[in-house]
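Coordinate inspection notes
For reference, the chains in residue letters:
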Amino acid sequence: MSERARFVVVANRLPVDRVVADDGTVDWRTSPGGLVTALEPVMRRMGGAWVGWHGAPDETVAPFQHDGYSIVPVPLSAEEYEEYYEGFSNATLWPLFHDTVAFPEFHREWWDAYLTVNRRFAVATAEAAGDGATVWVQDYQLLLVPQMLRELRPDLKIGFFLHIPFPPIELFQQLPWRGQIIEGLLGADLVGFQVPGGAQNFLRLVRTRTRHRVERDGVRIAGSHTCVARAYPISIDSQGFADLAETPEVIAESEALLEELGHPKTIFLGVDRLDYTKGLRQRIRAMGELFEEGKLDPADTVFLQVATPSRERVEEYKKLRDDIDLLVGRINSHVGGVGRPAISYLHAGFPRTTMAAMYRIANVMVVTPLRDGMNLVAKEYVACHPSTNGALVLSEFAGAAKELKQAYIVNPYDLNGMKDVLMQAATDAPRNRQRRMRALKKQVFGHTIEQWADNFLGDLEGR
Ligand code: ADP
Ligand code: F6P
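Residues numbered from 1 in each chain as written. Chains lettered and ligands numbered in written order. Predicted model: local features only at pLDDT ≥ 70, side-chain atom pairs only at ≥ 80, totals over all residues. Heavy atoms only, no water.

Some words on the site of ligand 2
To be explicit about the condition: Being near a molecule or strand, for a residue, means having at least one of its heavy atoms within 4 Å of it. Under the rule applied, a polar contact is a pair of N or O atoms within 3.5 Å (in protein, one hydrogen donor and one hydrogen acceptor; residues adjacent in sequence only if both atoms are side-chain atoms). Accessibility throughout is a Shrake-Rupley quantity obtained with a 1.4 Å probe, and a residue counts as covered only by protein chains that appear here. Gly is put with the polar residues, along with every residue not named as nonpolar or charged; the nonpolar set is Ala, Val, Leu, Ile, Met, Phe, Trp, Tyr, Cys and Pro, and the charged set is Asp, Glu, Lys and Arg.
In the vicinity of ligand 2, 13 residues are found, and the nearest of them are Arg 13, Tyr 85, Asp 139, Gln 141 and Arg 311. At 2.6 Å, a side-chain N or O of Arg 13 approaches an oxygen atom of ligand 2. Between Tyr 85 and ligand 2, the recorded distance is 2.5 Å, taken from a side-chain N or O atom to an oxygen atom. When ligand 2 sits alone it has 380 Å² of accessible area, and the protein chains cover 94% of it. For the shell around ligand 2, the per-class residue count stands at 5 nonpolar, 4 polar and 4 charged.

Some thoughts on the packing of helix 8 (residues 238-245) against helix 13 (residues 376-384)
Heads up, the condition is: To obtain an axis, a line is fitted to C-alpha atoms, over the contacting stretch when the element is a helix, and the angle between two such axes runs from 0 to 180 degrees between their N-to-C directions. Strands here mean DSSP runs of E at least two residues long; helices mean DSSP runs of H or I at least four residues long; both are numbered from the N terminus. When an angle is under 35 degrees it counts as roughly parallel; over 145 it counts as roughly antiparallel; between 65 and 115 it counts as roughly perpendicular; any other value is oblique. Crossings are sorted by hand: turned counterclockwise from the far helix by less than a right angle, the near helix makes the crossing left-handed, and turned clockwise it makes it right-handed. By definition in these notes, contact holds between two residues if any of their heavy atoms fall within 4.5 Å.
Where helix 8 meets helix 13, the axes come as close as 8 Å, and the angle between the chain directions of the two elements is 55°. Relative to helix 13, helix 8 is oriented oblique. Remark: the crossing between helix 8 and helix 13 carries right-handed chirality. Every residue of helix 13 that contacts helix 8 at Ser 238, Phe 241, Ala 242 and Ala 245 is listed here: Glu 380, Ala 383 and Cys 384. A per-class count over the contact of helix 8 with helix 13 returns 5 nonpolar, 1 polar and 1 charged.

Some points on the site of ligand 1
Residues in contact with ligand 1 amount to 18 residues; listed here are only the nearest, Gly 34, Thr 37, Arg 273, Phe 350 and Glu 380. With respect to ligand 1, the side chain of Lys 278 contributes an N or O atom lying 2.9 Å from an oxygen atom. Within the side chain of Thr 308, one N or O atom sits 2.9 Å away from a nitrogen atom of ligand 1. Sorting the residues of the shell around ligand 1 by element identifies helix 1 (34-46), strand 13 (266-273), strand 14 (301-308), helix 12 (352-361) and helix 13 as the ones contributing at least two each. A breakdown of the residues in the shell around ligand 1 according to their chemical character gives 8 nonpolar, 6 polar and 4 charged.

Points about the sheet that holds strand 5 (residues 64-66)
Keep this limit in mind: Strands are treated as partners if at least two bridges between them are detected by DSSP.
Taken in spatial order, the 10 strands of this open sheet run 5-6-4-1-7-8-9-12-11-10, and their pairing is mixed. In the strand order of this sheet, the two ends are held by strand 5 and strand 10 (213-215), each with one partner. Averaged over all pairs of adjacent strands, the angle between their axes in this sheet comes to 25°, without regard to strand direction. Relative to strand 12 (residues 226-231), strand 9 (residues 190-193) runs parallel, the two sharing 4 bridges. When the bridges of strand 12 are listed, Leu 190 appears paired with Val 228. Along the sheet face, helix 7 (residues 196-209) touches strand 9, strand 10, strand 11 (218-220) and strand 12 and points at about 145° away from the line of strand 12.

A word on the sheet that holds strand 13
Sheet architecture is open: 6 strands sit in the order 15-14-13-16-17-18, paired in parallel fashion. Pairing within the sheet leaves two strands with one partner each, and these edge strands are strand 15 (343-346) and strand 18 (408-410). Here the average twist between neighbouring strands, direction ignored, is 20°. Against the sheet, helix 12 makes contact with strand 13, strand 14 and strand 16 (364-367), and its axis sits at roughly 145° relative to strand 13, the strand it touches most.

Comments concerning unusual backbone geometry
Operational definition: The rule is simple: take the accessible area with a 1.4 Å probe, protein chains only, and divide by the maximum for that residue type; under 20% is buried, over 50% is exposed, in between is partly exposed.
The phi angle at Asp 99 is positive, at roughly 60°, despite the residue not being glycine. One can find Asp 99 in the loop between helix 2 (78-97) and helix 3 (108-128). According to the relative accessible area criterion, Asp 99 is partly exposed, its value standing at 30%. Of note in the backbone geometry, His 263 takes a positive phi value of approximately 45° without being a glycine. Here His 263 lies in the loop between helix 9 (248-260) and strand 13. Assessed through its relative accessible area of 48%, His 263 is described here as partly exposed.

Quick notes on the side chain of Lys 379
Within the fold, Lys 379 resides in helix 13. Under the relative-accessibility criterion, Lys 379 is labelled buried at 2%. Not counting the four nearest positions on each side in its chain, Lys 379 is found in contact with Ile 234, Ser 235, Ile 236, Met 374, Glu 403, Leu 404 and Val 444.

Things to note about the packing of aromatic side chains
Counted only if it meets this: Each aromatic pair joins two rings of Phe, Tyr and Trp (for Trp, the six-membered one) with centres within 6.5 Å, and gets the label stacked for planes under 30 degrees apart, edge-to-face for over 60, and tilted for any other angle. We count a charge as sitting over a ring when the NZ of a lysine or the CZ of an arginine lies within 6 Å of the ring centre and within 35 degrees of the ring normal.
All told, the structure shown has 25 aromatic pairs when counted by the stated rule. On the numbers, 5.0 Å between centres and 50° between planes, the contact of Trp 28 with Phe 64 is tilted. With a gap of 36 residues between them, Trp 28 in strand 3 (residues 26-30) and Phe 64 in strand 5 connect regions that are remote in the sequence. Among the aromatic side chains, those forming a connected cluster through ring pairs are Tyr 84, Phe 88, Trp 111, Tyr 114 and Trp 177. If you follow Arg 311 out to its NZ or CZ, it ends over the ring of Trp 94, 4.2 Å from the centre.

Examining the pattern of salt bridges
For clarity, the cut-off: Basic side-chain nitrogens of Lys or Arg form a salt bridge, by our definition, when they fall within 4 Å of a carboxyl oxygen of Asp or Glu.
Inspection of the entire model under this criterion finds 30 salt bridges. Two residues, Glu 40 and Arg 352, come together in a salt bridge whose shortest N-O distance is 3.8 Å. On the criterion of sequence distance, the pair formed by Glu 40 in helix 1 and Arg 352 in helix 12 is long-range, its members being 312 residues apart. Given the relative accessible area of 8%, Glu 40 is considered buried. Linking Arg 120 and Glu 80 is a salt bridge whose minimum nitrogen-to-oxygen distance equals 2.6 Å. Taken together, the residues span a long stretch of sequence, with Arg 120 in helix 3 and Glu 80 in helix 2 at a distance of 40 residues.

Description of a nonpolar patch on the surface
Rule in force here: Patches draw on residues past 30% relative accessible area with no salt bridge. Two like charges within 9 Å are joined, as are two nonpolar side chains (Val, Leu, Ile, Met, Phe, Trp, Tyr) within 5 Å.
Together, Val 20, Val 26 and Trp 28 give the surface a local cluster of nonpolar side chains, amounting to about 240 Å² of exposed area. Trp 28 sits in the partly exposed class, given a relative accessible area of 32%.

Let's talk about helix 7
The following threshold applies: The span one expects for a helix is its residue count, reduced by one, times 1.5 Å.
When the terminal C-alpha atoms of helix 7 are compared, their 20 Å separation across 14 residues agrees well with the 20 Å that a helix rising 1.5 Å per residue should span. Among the residues of helix 7, those classed as buried are Gly 198, Ala 199, Asn 201, Phe 202, Leu 203, Leu 205 and Val 206. If you follow the buried residues of helix 7, they end up packed against helix 5 (169-172), helix 6 (178-186), strand 9, strand 10, strand 11 and strand 12.

As structure tokens, then:
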């Protein structure tokens, strides 16, 4: 890279993935997940450099320009992909940080790969960042980078944001490498969490498991700096999503979709990465029972569920994929008329225009994770749905429930309770639905991704 950047984002993923088709042609595709959705508009506004992996193992890609900022690809070998990404990041940390809704696995070789790759990201970032630059490290795949980077470049301002929940100390302390991970994070000047509970969990952990002095939300690292831990609930480009949903292209697509679904009276919609934290098994069972019990009529009601393929070689994800295929098949063979299934299940990723078209036509948006850092899908629905007549059903275990209090809140572990609330959302008096939706829109349009970035970066600059 010729010029070093004043502002650098570091994330496991780049905003675009390099995909090679069977015929050898190379293409770049928007990467999956909420992190990229949230940070893309921030980078377009700020400029600078985004350091991350390009999604293809065993390939080295040269830096390039994208949407007005620099992309700095960090390579991963096929073995590192297995041990650092699929292993330590997604089969150790991911389940552990999501309340062990699946069992975390602990393997020493995975930890070694995690250390190696975190070091590689720190070195690449140290090379990309200009003198005194601001560096913003993202998420659980890079927990060690703040400390490694501080050692390499003490002149930098280092922020860290965790997109997923930070677990209670009782779970975190299962980690054999807990000490190194706490110290890794404490290398930052500012560590951000999705909700105040995450920051509290972290500070309690530091108080009980280290010798550092903690004063209110600051941790004093003797002879070095103070690391502050606070909550910064992430959001979306609310107006950008709303504008997209009003484009002729999206309106036409939503009409075509309605046609395809047979103009049902009620559309329930689920949109997720195919991840066991998203509560898909519970959601589909609840919807299936409502159809089977005749409370919902497949002649006029459709449940549209789209699930982006995710982490497909990790055992728990394979199991989930099979379970969902079976469950949907079983329900659809019991209920639904000729030609139109009660559950329309699409295992694929879609362009953002198609997502917006789905949000437009959904009467009830169903977001029921067992645990989720925030959940941006809930906010996207509120921003895109054109009227105040839509209803959002939201799990109390999503970070978003702390903000979107007027949603129809459910406990996804309580199937009967969830069924009741799903029915309530679908049949509530319009004035109740509208009152709730108005409050949700006020929240989503009043707390945007721009404000999130300004709040975090403003606090980081003041450190
Ligand atoms: P996570 O970060 O865990 O995936 P979020 O709900 O915060 O969860 O973010 C998911 C992002 O991925 C959203 O921006 C959503 O629009 C997008 N997304 C989810 N499912 C699909 C899909 N099937 N096709 C395209 N985008 C999707
Ligand atoms: O926000 C959670 C998150 O895990 C991001 O860190 C990640 O980029 C995204 O979801 C999608 O997951 P993956 O990068 O493993 O496909």
